[in-house]
Amino acid sequence: MSEATAKTPERPRRRSARERLLEAAERCFYAEGVTATGIDTITAAAGVAKMSLYNNFSSKADLVRAYLDARHETWLGLYRARLRQARGPRAGVLAVFDAYADHAAFAYAYGFRGCGLLNAAAELPAGHEGRAVVRAHKEEVERLIAGHLEQLLPGRPEEARVLAEHLAFLLEGAMARAGLEGDDSRLRHARSIAETLLDRL
């Protein structure tokens, strides 16, 4: 092979300080909690100087907000991947449950502790902007379920809305128990309950 046609192997892209800080925040906040995790812990885990944190985030609260946004986007990515495989609105509802189970199946360093968004919200004071991020996520999940149900129940929007609320409660309860028990068995059970409810429509 001539020098002209030989390809130089591409070096893996070096992650930016912001990316490393967010990855470290995700690991540490999830494992230890938002309040218990200090800036020094985050910068050490990310392998960056403290000044790098403040060059990328205005405060710890700003980093917490970015962490919550990133968890939301990660879940949306899992849901969209499941939705691409779904055939019809019934499967679309179950894709929401599957995305939560997929999140639970991540290889967490210190085990599965439930919904990282709700865990963080429980630590944040009333009025903290992070709580609004978590609320928006949960409302979006319920809207996604409702959208699929409206297709399943054309002309019955109120029934679809009520059932979406029930399924959202089922999902959140299962997630809370799964976090306490450290595995996804409650989520799998919740999915089977959801299937039974959908079969009765």
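Residues numbered from 1 in each chain as written. Predicted model: local features only at pLDDT ≥ 70, side-chain atom pairs only at ≥ 80, totals over all residues. Heavy atoms only, no water.

Let's shift gears to the overall build of the protein chain. Secondary structure assignment for the protein chain yields 9 helices and 0 strands. Beginning at the N terminus, the succession of helices and strands in the protein chain can be written as α-α-α-α-α-α-α-α-α. Across its three principal directions, the C-alpha atoms of the protein chain cover 60 × 60 × 30 Å. For the protein chain, with 201 residues in total, the buried portion stands at 39%. Contacts spanning at least 24 positions in sequence make up 64% of the contacts within the protein chain whose residues lie at least 6 apart. (Helix = DSSP H or I, 4+ residues; strand = E, 2+ residues; numbered from the N terminus. Buried < 20%, exposed > 50% of the residue type's maximum accessible area, 1.4 Å probe, protein only. Contact = heavy atoms within 4.5 Å.)

Scanning all chains against the criterion turns up 17 salt bridges. Two residues, Glu 129 and Arg 65, come together in a salt bridge whose shortest N-O distance is 3.3 Å. Placement of the pair is Glu 129 in helix H7 (residues 129-152) and Arg 65 in helix H4 (residues 60-85), with a sequence separation of 64 residues. For Glu 129, a relative accessible area of 42% puts it in the partly exposed group. Classification of Arg 65 as partly exposed rests on a relative accessible area of 29%. The closest approach of N and O atoms between Glu 195 and Arg 90, which form a salt bridge, is 3.9 Å. (Salt bridge = Lys/Arg side-chain N within 4 Å of Asp/Glu carboxyl O.)

Mapped onto the present numbering, the UniProt feature "DNA-binding region" (unreviewed entry) falls at residues 38-57. The distance separating the terminal C-alpha atoms of residues 38-57 is 14 Å; by composition the span is 75% helix and 0% strand. (UniProt positions renumbered as here; feature names shortened; annotations may be inferred.)

All right, on to the packing of H7 against helix H8 (residues 157-181) then. At a minimum axis separation of 8 Å, H7 and H8 run at an interaxial angle of 130°. Here H8 runs oblique to H7, going by the angle between their axes. Note that H7 runs across H8; the crossing there is right-handed. Contacts between H7 and H8 involve Lys 138, Val 141, Glu 142, Ile 145, Ala 146, Leu 149 and Glu 150 on the former and, on the latter, Ala 160, Leu 163, Ala 164, Glu 165, Leu 167, Ala 168, Leu 171 and Glu 172. Across the contact of H7 with H8, the residue classes break down as 10 nonpolar, no polar and 5 charged. (Axes fitted to C-alpha atoms, helices over the stretch in contact; angles between N-to-C directions. Parallel < 35°, antiparallel > 145°, perpendicular 65-115°, else oblique. Left-handed = near helix turned anticlockwise from the far one by under 90°. Nonpolar A, V, L, I, M, F, W, Y, C, P; charged D, E, K, R; others polar.)

Taken as a whole, the second largest pocket spans an internal volume of roughly 160 Å³. What lines the second largest pocket is simply Arg 135, Lys 138, Glu 139, Val 141, Glu 142, Glu 165, Ala 168, Phe 169, Leu 171 and Glu 172. Taken together, the elements giving at least two residues each to the lining of the second largest pocket come down to H7 and H8. Considering only residue class, the lining of the second largest pocket consists of 4 nonpolar, no polar and 6 charged. (1 Å grid on protein atoms, 1.4 Å probe; cavity = no way out; pocket = protein on both sides within 12 Å on 5 of 7 lines; lining within 4 Å. Points joined across faces, edges and corners; volume = space filled by probe spheres on them.)

Most often, soluble globular proteins keep nonpolar side chains buried together rather than apart. Ranked by internal contacts, the top residues of the largest apolar core, which has 59 residues, are Ile 42, Leu 68, Trp 75 and Leu 149. Those elements that place two or more of their residues in this core are helix H1 (17-32), helix H2 (39-46), H4, helix H5 (89-104), helix H6 (116-123), H7, H8 and helix H9 (185-199). The dominant element in this core, judged by the number of residues it contributes, is H4, at 9 residues. Excluding residues that lie within four positions of it along the chain, Leu 149 makes contacts with Val 93, Ala 160, Leu 163, Ala 164, Leu 167, Leu 198 and Leu 201. (Core = buried A, V, L, I, M, F, W, Y, C linked by side-chain atoms within 4.5 Å.)

Attention shifts here to the environment of Gly 182. Within the secondary structure, Gly 182 is located in the loop between H8 and H9. In sequence terms Gly 182 and Gly 111 are 71 residues apart; their C-alpha atoms lie 6.7 Å from each other.

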